[in-house]
Amino acid sequence: MLIEKKLYKILTLSILVIFLLTIAGYLLIKHYHLYIEKFPAFYAFFGLISTFLIIAISNILKKAGLKKKKDYYD
Amino acid sequence: MTNFFQPFLIFFIFAFLCLIGTKKLCKFITLSAPILSAISVNFIKKPVEFVLMNHKIILFQIDKINFPFFYAFLIISFLGILYNIHRDDKKEIIFPMLYAGSAMGVLFTGDFLSLFFFWELMAIFSTVTVWLGGNEKSKNAGLRYLLIHLAGGFLFLVGIVLLNQEMGDLQFTTMNKNSYSSWLILTAVLINAAVPPFSAWLSDAYPESSIGGTVFLSAFTTKTAVYLLCKFFAGWEVLIYLGAFMAVYGVIYAFMVLNIRRLLSYHIISQVGFMVTGVGIGTALALNGTISHAFTHIIYKGLLMMSAGVIFYATQKERLNELGGLFGELKIVFIFYMIGALSISGFPLLSGFVSKSITITASLENHNLFAWIMLNIASVGTLISVSLKLPYLAFFGEMKVQNDLIKVPQNMKLAMFLSSVICVVIGIFPKLLYSILPFDMAYTPYTAEHVIFVLQMFLGAFIAFVVYSKHLDAKYYYIVLDTDWFYRKGLNFAISLFNEVHDEIISIINKIFYERMYNGLCWFIKNPLSALKIILEFFLVLFGTSSKEKELKRIISKYPQDTVKHWPIGTTILYSSLLLMIFLIIYYMF
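Residues numbered from 1 in each chain as written. Chains lettered and ligands numbered in written order. Predicted model: local features only at pLDDT ≥ 70, side-chain atom pairs only at ≥ 80, totals over all residues. Heavy atoms only, no water.

Engineer: Would you mind showing me how to read the overall build of chain B here?
Structural biologist: Across its full length, chain B holds 24 helices and three strands. Taken over C-alpha atoms, the radius of gyration comes to 36 Å for chain B, far larger than the 25 Å a tight globule of 590 residues would show. A principal-axis box enclosing the C-alpha atoms of chain B has dimensions of 125 × 65 × 60 Å. The buried share among the 590 residues of chain B stands at 57%. Sequence-distant contacts in chain B: of pairs separated by 6 or more residues, those separated by 24 or more amount to 81%. Accessible surface for chain B amounts to roughly 26,300 Å². Of this, 69% is attributable to carbon and sulfur atoms. Where the 42 positive side-chain charges of chain B centre and where its 32 negative ones centre are 4 Å apart. (Helix = DSSP H or I, 4+ residues; strand = E, 2+ residues; numbered from the N terminus. Rg over C-alpha atoms; globule rule 2.2 N^0.38 Å. Buried < 20%, exposed > 50% of the residue type's maximum accessible area, 1.4 Å probe, protein only. Contact = heavy atoms within 4.5 Å. Areas by Shrake-Rupley, 256 points an atom, 1.4 Å probe, with all protein chains shown as cover. Lys, Arg positive; Asp, Glu negative; His and termini not counted. Charge placed at Lys NZ, Arg CZ, Asp CG, Glu CD.)

Engineer: Is there a simple way to think about the overall build of chain A in this case?
Structural biologist: Along chain A, the regular secondary structure elements total two helices and one strand. When the helices and strands of chain A are read in sequence order from the N terminus, they spell out α-α-β. For chain A, the C-alpha radius of gyration of 19 Å lies well beyond 11 Å, the compact-globule estimate for 74 residues. Referenced to the eigenvectors of the C-alpha coordinate spread, the extents of chain A come out at roughly 60 × 40 × 15 Å.

Engineer: Would you mind showing me how to read the confidence of the model for chain B here?
Structural biologist: Any residue range with low pLDDT should be treated as having predicted coordinates unsuitable for detailed reading. Overall, the predicted model of chain B reaches an average pLDDT of 90, with 99% of residues at or above 70. The ipTM, which scores confidence in the relative placement of chains, is 0.94 for this predicted complex, and the corresponding pTM is 0.86. (pLDDT = per-residue confidence, 0-100.)

Engineer: Help me understand the interface of chain B and chain A, please; the structure alone is not making it clear to me.
Structural biologist: How big an interface is tends to be stated in terms of accessible area lost as the parts join. Taken together, the contacts link 46 residues of chain B with 45 residues of chain A. Buried area between chain B and chain A, summed over both chains or domains, comes out near 4,200 Å², and the portion from carbon and sulfur atoms is 76%. Taken as a group, Phe-453, Gln-456 and Ile-479 of chain B account for 15% of the area that chain B buries against chain A, more than any other trio of residues on that side. Summed over the shared surface of chain B and chain A, the number is two salt bridges. The salt bridge partner of Asp-473 of chain B is Lys-62 of chain A, with a shortest N-O separation of 3.2 Å. Where chain B touches chain A, the interface holds ten residue pairs in polar contact (both at pLDDT 80 or more). In terms of residue count, helix 20 (residues 448-468) of chain B provides more of the side of chain B that touches chain A than any other element does, 17 residues in total. Classifying every residue of the side of chain B that touches chain A gives 33 nonpolar, five polar and eight charged. By the bridge criterion, three bridges tie strand 1 (residues 67-69) of chain A to strand 3 (residues 478-480) of chain B in an arrangement that is antiparallel. Residue pairing for strand 3 of chain B: Lys-69 of chain A is matched across the bridge by Tyr-478 of chain B. (Buried area = accessible area lost by both parts, 1.4 Å probe. Salt bridge = Lys/Arg side-chain N within 4 Å of Asp/Glu carboxyl O. Polar contact = N/O pair within 3.5 Å; in protein donor to acceptor, adjacent residues only side chain to side chain. Nonpolar A, V, L, I, M, F, W, Y, C, P; charged D, E, K, R; others polar. Pairing = 2+ DSSP bridges.)

Engineer: Help me understand the state of the cysteines in this model?
Structural biologist: By definition, a disulfide links the sulfur atoms of two cysteines through a covalent bond. Residue and element names in this part refer to chain B. Taken as a whole and judged by the stated rule, the model has one disulfide over all chains. Covalent S-S linkage joins Cys-18 and Cys-26, the inter-sulfur distance amounting to 2.0 Å. Measuring the twist about the S-S bond at about 65 degrees, one finds the Cys-18-Cys-26 disulfide to be right-handed. Using a relative accessible area of 0% as the deciding quantity, one classes Cys-18 as buried. (Disulfide = S-S within 2.5 Å.)

Engineer: Please explain the nonpolar core as it appears in this structure.
Structural biologist: Nonpolar side chains in soluble globular proteins tend to end up buried together. All names here are of chain B. Core analysis: the largest hydrophobic core is formed by 208 residues, its most contacted members being Phe-112, Phe-156, Phe-220, Leu-229, Phe-233 and Leu-239. Counting residues per element, this core draws most heavily on helix 14 (residues 284-315), at 17 residues. Leu-229 has contacts with Leu-186, Val-189, Leu-190, Ala-234, Leu-239, Val-276 and Val-279, leaving out every residue within four places of it along the chain. Counting residues in each nonpolar core, the second largest holds six residues, with Ile-534, Leu-552, Ile-555 and Tyr-559 among its members. (Core = buried A, V, L, I, M, F, W, Y, C linked by side-chain atoms within 4.5 Å.)

Engineer: When you look at the side chain of Ser-385 of chain B in this model, what are you seeing that I'm missing?
Structural biologist: Residues and elements named next belong to chain B. Summarising the element assignment, Ser-385 is placed in helix 17 (residues 369-395). A polar contact of 3.0 Å, which involves the side chain of Ser-385, links it to the backbone oxygen of Gly-381. The residues touching Ser-385, leaving out its near neighbours within four places in the chain, are Ala-254, Phe-255, Leu-263, His-267 and Leu-390.

Engineer: Sorry, what's going on with the environment of Met-374 of chain B here?
Structural biologist: Residues and elements named next belong to chain B. Tracing the sequence through the fold places Met-374 in helix 17. On the basis of relative accessibility, which here comes to 16%, the residue Met-374 falls in the buried class. For the pair formed by Met-374 and Leu-532, sequence separation is 158 residues and the distance between their alpha carbons is 78 Å. Apart from residues no more than four positions distant in its own chain, Met-374 is found in contact with Ala-244, Phe-245 and Val-248.

Engineer: Honestly, helix 6 (residues 112-131) of chain B in this entry has me stumped. Any pointers?
Structural biologist: Because each turn of an α-helix spans 3.6 residues, side chains separated by three or four positions in sequence point in the same direction. All names here are of chain B. With 20 residues, helix 6 extends 29 Å between its outermost C-alpha atoms, agreeing within 8% with the 28 Å of an ideal straight helix rising 1.5 Å per residue. Burial analysis of helix 6 places 16 of its 20 residues in the buried class, the great majority of the element. Where helix 6 starts, the residue carrying a side-chain oxygen 3.1 Å from the main-chain nitrogen of Leu-113 turns out to be Asp-111. (Expected span 1.5 Å × (residues − 1).)

Engineer: Before we go on, may I ask you to explain unusual backbone geometry in this structure?
Structural biologist: A negative phi angle characterises most non-glycine residues, just as the trans form characterises most peptide bonds. Residue and element names in this part refer to chain B. Following Pro-196, the chain continues into Pro-197 via a peptide bond in cis, with omega recorded as 5 degrees. Topologically, Pro-197 is positioned in the loop between helix 8 (180-192) and helix 9 (200-205). Positive phi is not limited to glycine here, since Leu-349 has a value of about 75 degrees. In this structure, Leu-349 sits in the loop between helix 15 (331-345) and helix 16 (351-365). Even without glycine at this site, His-367 takes up a positive phi of about 60 degrees. Along the chain, His-367 falls in the loop between helix 16 and helix 17.

Engineer: I keep staring at the packing of aromatic side chains and nothing clicks. Help me out?
Structural biologist: Describing an aromatic ring pair means giving the distance of the ring centres and the angle of the ring planes. Per the counting criterion, the structure on display carries 53 aromatic pairs over all chains. Taking 5.2 Å as the distance between ring centres and 70 degrees as the angle between the ring planes, the aromatic pair formed by Tyr-72 of chain A and Tyr-73 of chain A counts as edge-to-face. For the ring pair Tyr-434 of chain B and Tyr-443 of chain B, a centre distance of 6.4 Å and an interplane angle of 65 degrees mean the geometry is edge-to-face. Taken together, the ring pairs in this structure connect Tyr-32, Phe-42, Tyr-43 and Phe-46 of chain A together with Trp-372 and Phe-453 of chain B into an aromatic cluster. Over the ring of Tyr-477 of chain B we find Arg-319 of chain B, and its NZ or CZ is 3.9 Å from the ring centre. Positioned over the ring face of Tyr-73 of chain A is Arg-488 of chain B, at 3.6 Å from the centre of the ring. (Phe/Tyr/Trp six-rings, centres within 6.5 Å; stacked < 30°, edge-to-face > 60°. Lys NZ or Arg CZ within 6 Å of the ring centre and 35° of its normal.)

Engineer: Can you walk me through helix 14 of chain B in this structure?
Structural biologist: Residues and elements named next belong to chain B. If you check helix 14, its first and last C-alpha atoms are 46 Å apart, about what 32 residues at 1.5 Å a residue would give, namely 46 Å. Burial runs high along helix 14: 29 of the 32 residues are buried. One or two positions beyond helix 14, positive phi appears at Gln-316, with a value near 60 degrees.

Engineer: In this structure, what is going on with the environment of Gly-352 of chain B? I would like to understand it.
Structural biologist: Residues and elements named next belong to chain B. Locating Gly-352 in the fold gives a position in helix 16. Residue Gly-352 is classed as buried on the basis of its relative accessible area of 0%. Once the C-alpha coordinates of Gly-352 and Ala-151 are considered, the two residues, 201 residues apart in sequence, prove to be 33 Å apart. Not counting residues up to four positions away in its chain, the partners in contact with Gly-352 are Tyr-300, Ser-343, Gly-346 and Ser-357.

Structure below.
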């Protein structure tokens, strides 16, 4: 239970920081390379989605047969 | 005379001194080799060259590209030797020094023949460095490593021979996209740069070396390949796609594996992917990005390998399922490790940020959206496995290591401290690094958008990781297959398949020649006349010209009948007299 509470604290804090960074971005950034970068907290979503993507692909690859017992080559 | 003392020769001489000297002398002098090399280079005023068999051999020439690499090599040699110096085994110093020396030889050569010479030397000494692991596993991994590198070296040699035919000499030239020789040389260099599918040698062999050996291995082979790519293949578009692919390939594999040094080895592949992409883009900004990234990568990867080595040294374990809760015991190592980990992830104020962002910006300025997306995904992947997964499983959670930890020697800590200092200093004062880069560029890493975007991306990834962290697959140890399967298992599989086919063919031959034909002949000679009749009838029936099927079956069932023909005695006498008469006629006529 304690761990769960800690976890929620960490997550809330992270989301708060992302929010603050987004506001700071609107105030400070004058020049965008890509149009999509103007989307609020675009990079946070990018990080979130690509992490899940990497986890998903690695799990699929493991399920597909790349994961073997440790003495496979012996 | 000053021309004589080239960097590679200084390393070779010190390795030799180490070999003949005592252990104490070895420990005393080796650290001065990188320092002396750094000094001696300043005294070599002109290229060192001579003529050998009508070929102009250039052993030493300085250009804009090789000097940043040289600095990084010197620093990592110094730190690596410092990290290793407590070892009583002289091998641990001699072979890495020879390896470092031959890598420097590759950097400074000015013609293909001497380049090939140092290239092969590097392959040999790096193999011996893999063998420093000293067990059966490292021996086998080293042999596989040698196999791949000799194959690469062979391609390189064929490429050089073809180039010699095309150009008439072996001087460095710009590579022509339409000639076979450049593609052969490119393939050889890509094998050394660990571009998939030729990347498995790296993740296979590096973790099997000794902990000090891995620090050296992580620095030289792939970076000399990146140097050659920068020199000859800048702007080759195929490299953008290969590099972007390998950057993501490395992080996906890194997220799967549990051996800490193997995890970090996969991140070498991923980080070299950034560099290869930069070379493929080929603009001044991208090449600067590649070279600065190679520089910072050598230092922070050395630091990470040192930290992983210290974890292994202290606990005698390096599988994430067996580690945990080390934070209390190895606080100082944790701090050094995290500096390296956040550097490789590209966290602001650390060295990776100021170099990685150049390549990513270059891909954006070049309007290559594919490379931009892949490199950003690779950045996120680096963060989650090096900065989150590894420390989460090794340093936090419950303590799984039962035995007492071995005390870490001071020299190891000092080497890690110095590496961390370099990472932080470059991160805070990027101008120091940018001043040695070959091309002029107007680039400032610390702009509001860079910092905010990177922090946002990392926080997003952090949230995703925290949500997933309970499901991390680290309960028991497993391995993940890579392309080395093809020469570790696949070849056996192919051989067994071949054996099966071969056995099948032999059994068919046996059946035909030794069973069917033998039985048939036996059957035939029982009564040849009748057998011929049966065969004739059989064919007649087969082709439909006769309808005596029942008759045929009857004869076959009765075969071989009575083999003795019952002749009357008179007939025999008639035939004998006829025969004699024919003889008589022949005798009198001729």
